[in-house]
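These are the residues of each chain, in order.
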Amino acid sequence: MKVRNILATKRGHVITIAPDEPVRRAVALLVENRIGALVVLDDDRLVGILSERDVMRHAASDEGVFGRSVESIMTREVVVGMPQDDVLAVAHTMLEKRFRHLPIVDDGRLIGIISIGDVLKTQRDAYKGEIETLETRIIAEGE
């Protein structure tokens with residue numbers, strides 16, 4: 001299965017934020033949209049990602065973090081995926097590198113974002129389908 005299959009099941013657009021926005025605004029967007037990460041764009045160019053973990057990591061040692069700019073705490077070295085990437089390979093990368101959100105780009109343009117939850121749900125659904133197919137075959141052979 002490919003990442004494009006996951007993107008096809010997701011609705012809505014990617015919630016983004018500019019690097020000069022305050023962290024307080026980023027937190028509000030995370031809460032409003034019930035998401036775990038924001039893609040940081042500067043003039044449509046992906047420059048970072050800001051996750052709940054980034055905010056919490058900085059908030060633990062800096063009570064003034066909410067007034068700082070997003071770019072001061074965002075993750076700058078962003079691993080990205082492409083629509084043709086294999087879902088199992090993406091899952092492996094996300095688990096090994098310990099991140100939960102993967103921006104998806106095509107021809108250098110942001111087209112979506114997937115979470116580790118999206119990956120797990122896709123795999124679960126694929127396994128359910130395989131199990132149902134096998135059960136149907138077993139029942140048919142037994143008749």
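What you are looking at is a predicted structure, and each value in this text was computed from that prediction instead of being measured.

Looking at the side chain of His101
Relative to the assigned elements, His101 resides in strand E4 (residues 101–106). The residues contacting His101, other than those within four sequence positions of it, are Gly36, Ala37, Ile49, Met94, Ile113, Ile114 and Ser115.

Here's the deal with the nonpolar core
If you look at the biggest cluster of nonpolar residues, it comprises 15 residues, and the most contacted ones within it are Ile17, Leu38, Val40, Leu50 and Val70. At the level of secondary structure, the elements contributing two or more residues to this core comprise helix H2 (23–33), strand E2 (37–42) and strand E3 (45–51). Sorting elements by how many residues they give to this core places H2 first, with four residues. Not counting the four nearest positions on each side in its chain, Val70 is found in contact with Ile17, Ala18, Pro19, Glu21, Pro22, Val23, Ala26, Val40 and Leu50. Formed by 13 residues, the second largest nonpolar core is a distinct cluster that contains Val87, Val90, Ala91 and Met94.

Section: helix H4 (residues 87–97)
For H4, every residue scored as buried is listed here: Val87, Val90, Ala91 and Met94. Down the axis of H4, the sector holding all buried residues measures 100 degrees, keeping them to one side. The exposed set on the far side of H4, more than 90 degrees from its buried face, consists of His92, Glu96 and Lys97. Of the surrounding elements, those touching the buried residues of H4 are helix H1 (3–9), E4, strand E5 (109–115) and helix H5 (116–142). Where H4 starts, the residue carrying a side-chain oxygen 3.1 Å from the main-chain nitrogen of Leu88 turns out to be Asp86. Where H4 terminates, the next one or two residues include Arg98, which has phi positive at roughly 60 degrees.

Reading the values: the criteria
Residues numbered from 1 in each chain as written. Predicted model: local features only at pLDDT ≥ 70, side-chain atom pairs only at ≥ 80, totals over all residues. Heavy atoms only, no water. Helix = DSSP H or I, 4+ residues; strand = E, 2+ residues; numbered from the N terminus. Contact = heavy atoms within 4.5 Å. Core = buried A, V, L, I, M, F, W, Y, C linked by side-chain atoms within 4.5 Å. Buried < 20%, exposed > 50% of the residue type's maximum accessible area, 1.4 Å probe, protein only. Arc of directions from axis to C-beta. Polar contact = N/O pair within 3.5 Å; in protein donor to acceptor, adjacent residues only side chain to side chain.

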